[in-house]
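Structural overview
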Amino acid sequence: MTSRRSQLRNAVFCVAIAIAGEACAGSPAPAAAPGPARGQTSEADGTAVRVTPRRDPLLPPQFARLAGLMPLRSTGADVFVADNPTFDGRGVLIGILDSGIDAGVPGLRETPAGDPKIADLRDFSGEGHIALREVAPDTGDGVWVDDQYVAGFSRLAGLTRAPVFGGLFRERPLGVPPGADVNGDGDNEDVFPVLVARASDGWVVLTDTDGDGTLANERPVRDFRVAGETFAYGPLTIAVNLTEQRGEPRLELFFDNSGHGTHVAGIAAGHDLFGVSGFDGVAPGARILGLKISNNARGGISVTGAMQAAMEYAAEFAAARNLPLVLNLSFGIGNAREGTAAIDSIIDAFALAHPDVLFVISAGNDGPGISTVDFPGSAEFALTVCALFPGVFARPPEPGVRPAPDVLGWWSGRGGETQKPDLCAPGVAFSNVPPWNAGGEVSGGTSMAAPQISGAAALLLSGLTQLGQPTRAVDLQHALEATATLIAGATVIDVGTGVPDVPAAFRWLRAAHQAGRFSIRALADGGNSSHASAAFRRNGLADPGDTLQRFTVAAIGGQPFARVLLRPDVPWLHAPDVLDFHGEPVTVTVTYDAAALTDPGLHVGTVWAVPETDTLGGAAFGLTNTVIVPETWVQSFTKRRYLEPGRSDRYFFRVTDPDGGLSVQVTVDPEREATLYLFEPGGRPFRETSSVTMGGDAKLRQIIRVRAEDAVPGVYEVVIVAPPLDGVTYELKVRRPRVTISVTPERALEFANRTPRRVEARLAAVVVGARRAERIRVRPDWVSTIRSVVPPWATDLVIDVRLDPELWSRVTDFGVTLFDTAGRLLIEEPLNYPAGRHRIAIDSLGADTFEIELLPAFASQPTDGGWMVEVDVTYLAETPLLSLTLGAGNMISIPAGGSITLPIVIPGSLIPLPEGFHPLLEVTAAAGDDETTRRVMVTRASGASR
């Protein structure tokens, strides 16, 4: 949430400051994710984090509008609204499932027609829940709510004689400032008493918003759905959700302490953003339904059942008001295996049950590797959106200078196991932020691309509704896909059918083309799961049987066209000429020409199915096939190429014996830049360092090293990306060392020679820190914690968390959060894959003792008793704690194809270790100009484990 996921993971872009005239390189270099206090300064006073909030936007909003930093031109949305002013989204509801929405920002107050922009705000996260109990006044005119006192209780007398309930709204559980600084006083330590009473028209809230200690001058606030009212203690706008259970009130406060949902809502449907006339989002006439599903203090993680509850609420809300509905979910986490996630199935079931609701989901920011579409973007019946990097953010507009082109966002998730994404849209924008987040108006990621498509769909729905033409979700999706423009050099698993054209899509819908009348489910037989919507061969063609692929095709919702024409888009892919439908699922067999699939690299082809009676309407569905042919290599391979601006090159290589680890090195010419990405065999970014940048302010040569314990067997992927405006010549070297290091069953070290010649190896063995390995049971109804004391020699903390893939398929998130002993949030690092590694500088913690909280969020409430999770807590020292001697003076001679085994002996008394921790030994074997390294936790005087 997209919290962490909405920010460009492993990417940075030229933001709007370039347009203001400041230097910006336009490089796709990786950068650290912005922290909660982005654009502001912070300091620690020993008890609370204090911030100096920024007051002004990053750029004057008028300037941002004129510069086109709300990029509507790419999809033709601006032209469509200009030509059809009343088809601006009016009459359509867009549900934003996200971090919340700040209802007080100018761009989310009214539609162009003068209607309230926000139809309702509902909290499904529990982050704003206020525990209530019955309270009574003291002998004066005040009331105690736990340890907090507020005067002016008589203010309630005019409202009710029924019991009064009170609770406390605390800043600290909301995270760190400025998002958690509710009243804007610079810290997150305040506590606000909140009173709830029953008035003649329902439950109301009273609280001391101005901080004068009394309720005497406060106004009652009703449920937002009833009255559209909000209140504020400072820069955070708060809405009220009030329900009743067994005659007593239940209170949830709705707010956006992330800023993400507010930014997304502004892109989808903002009107007069920042109070600037004409500065609009995609569908300014649409109304917004704000649905908060994330706990922002834990890194924006979703909570159990929140997505499903929010989507069902939205459908009921829209149906009760007879409003067309588009849902936007700018959220995603990494797939273990695409198509297996429980939330995917829930969304697919929702889509089938609500055929009139279009569900738009971001593809995720784990690209540019193959098979990196996040779930639930991998849901079959969702419209999944990848991201463009708008040219306006690469180069400021200049008179007489051709605008910079949009390029495919290098961070954008790609498909493989699924036929995703579906469409691509601008993924960077200048949009709304809450007042506390001034300076964060420019944000990027597929989170920003999804609302572009949600807004586009609202424009189409708005026009068709006003013209009396009923339209289903499948019609909208087919129209946008059929009229989209493919991006040069991209495949269907990069961008789907490309970038939509809203005016063309509207004409397509008005023509009532046949391709959009039915949903088609096409599944690849023998895929990674029963929901594999594409054929994917990451390991190439292993045997003759791999050249044959069957798909099962079925119509959803009725009998489709009787016959479709099958048209492969690459010469190596063959299929029957026609496919006949008779009301039952049918099988399509496609074959591959193996002789055409010998060149190393990525091969993607799709068999497109076009209705015979409507060949001008585009394809009704596609059968996508991806074949990866790895490089042929033994110890190393080298490539030198020129890469055009904004393009990427990708290489695949198979690792069969991972005990040696590997290294990937890229060198660029002077005054040029490029970014190197490394992806593991499952498609996930390499857990230690997934990307590095060469050139610019960085070194011309960069290396990513995979230590032996981190290497896994399978096909790795390397991707080189050029900046949006400049080409680059690079040299790539991938190398496997001649010597491998493994741990024997007897817990000794084995050094093996993988070459046909004797190898002389230099050894180094140092204790670099300490590790504690645990197995923790996590359950859906409780929080699991690990407490640890920082040793005085530690400079870095590394937390490794490993989940069973079956557990991962059932969650929508898994929070990993650090707190100090007083409950103050230190670091939030949610998992993005079943195995995650987080490295944290000890100085950034500001605490000597902390607790690690593990908090899973399930797609729906599970009934299981719990799951075991492996957690390694590692402390690293700046310099080695101890050096050991191995072999004869740290030298060994290994015969061709042979190995040598050496015991591990560490005098434990020489190293001060925290309780429960064991020495972490780092062993290096260097032979000539290559080396391999393995880290081993030594659990006793002689022996090792992981």
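Residues numbered from 1 in each chain as written. Predicted model: local features only at pLDDT ≥ 70, side-chain atom pairs only at ≥ 80, totals over all residues. Heavy atoms only, no water.

1. Considering the overall build of the protein
Scanning the protein for helices and strands turns up 13 helices and 57 strands. Its C-alpha radius of gyration of 29 Å places the protein within 12% of the 30 Å reference for a compact globule of 946 residues. When its C-alpha atoms are laid out on the principal axes, the protein stretches across 95 × 75 × 60 Å. Taken across its 946 residues, the protein has 61% of its residues classed as buried. Looking at the protein alone, contacts between residues at least 24 apart form 75% of all its contacts between residues at least 6 apart. Per element, the accessible surface of the protein, about 34400 Å² overall, is 49% carbon and sulfur. Computing the positive centroid from 80 side-chain charges and the negative centroid from 109, the protein places the two 4 Å apart. (Helix = DSSP H or I, 4+ residues; strand = E, 2+ residues; numbered from the N terminus. Rg over C-alpha atoms; globule rule 2.2 N^0.38 Å. Buried < 20%, exposed > 50% of the residue type's maximum accessible area, 1.4 Å probe, protein only. Contact = heavy atoms within 4.5 Å. Areas by Shrake-Rupley, 256 points an atom, 1.4 Å probe, with all protein chains shown as cover. Lys, Arg positive; Asp, Glu negative; His and termini not counted. Charge placed at Lys NZ, Arg CZ, Asp CG, Glu CD.)

2. Focus: the pairing of strand 16 (residues 287–292)
Consecutive side chains of a regular strand alternate in pointing toward one face of the sheet and then the other. The buried count for strand 16 comes to 5 of 6 residues, which makes it a mostly enclosed element. Note that strand 3 (residues 93–98) and strand 16 share 6 bridges and pair parallel. Each bridged residue has a counterpart across the sheet, and for G95 the counterpart in strand 16 is L289. Where strand 4 (residues 118–123) meets strand 16, 5 bridges bridge the pair, whose relative direction is parallel. Considered in strand 16, the bridge of D120 is made with L289. (Pairing = 2+ DSSP bridges.)

3. Description of the side chain of N432
In this fold, N432 is placed in the loop between strand 24 (428–430) and strand 25 (442–444). For N432, a relative accessible area of 1% gives the class buried.

4. Structural notes on helix 8 (residues 446–466)
Taking 1.5 Å per residue as the helical rise, helix 8 with its 21 residues ought to reach 30 Å, and the 31 Å between its terminal C-alpha atoms agrees with that figure. Within helix 8, 19 of the 21 residues are buried, leaving the element largely enclosed by the surrounding structure. After helix 8 finishes, the residue G468 shows a positive phi value of roughly 75 degrees. (Expected span 1.5 Å × (residues − 1).)

5. So, the sheet that holds strand 10 (residues 191–199)
Consider a sheet: its strands pair through backbone hydrogen bonds, and that pairing is either parallel or antiparallel. Read across the sheet, 5 strands follow the order 6-9-10-11-12 without closing on themselves; strand pairing throughout is antiparallel. The strands lining the two open edges of the sheet, one partner per strand, are strand 6 (133–135) and strand 12 (221–222). Pairing analysis gives 6 bridges linking strand 10 to strand 11 (residues 202–207), with the strands arranged antiparallel. Across the sheet, the residue bridging to V194 is T207, located in strand 11.

6. A closer look at the packing of helix 8 against helix 11 (residues 502–510)
One way to put it is that helix 8 packs onto helix 11 with a least axis distance of 10 Å and a crossing angle of 40 degrees. As the angle between them shows, helix 8 and helix 11 are arranged oblique. Remark: the crossing between helix 8 and helix 11 carries right-handed chirality. Within the contact between the two elements, helix 8 uses A456, L459, L460, G463 and L464 and helix 11 uses V502, A505, F506, L509 and R510. Taken together, the residues of the contact of helix 8 with helix 11 break down into 8 nonpolar, 1 polar and 1 charged. (Axes fitted to C-alpha atoms, helices over the stretch in contact; angles between N-to-C directions. Parallel < 35°, antiparallel > 145°, perpendicular 65-115°, else oblique. Left-handed = near helix turned anticlockwise from the far one by under 90°. Nonpolar A, V, L, I, M, F, W, Y, C, P; charged D, E, K, R; others polar.)

7. Topic: the pattern of salt bridges
Here the idea is simple: oppositely charged side chains can pair when their charged atoms come close. Under the definition given, this model contains 40 salt bridges. Between R754 and D657 there is a salt bridge, and its shortest N-O distance comes to 2.6 Å. Taken together, the residues R754 in the loop between strand 44 (749–753) and strand 45 (759–778) and D657 in the loop between strand 36 (648–655) and strand 37 (662–668) connect sequence positions 97 residues apart. The class for R754 is partly exposed, based on a relative accessible area of 42%. (Salt bridge = Lys/Arg side-chain N within 4 Å of Asp/Glu carboxyl O.)

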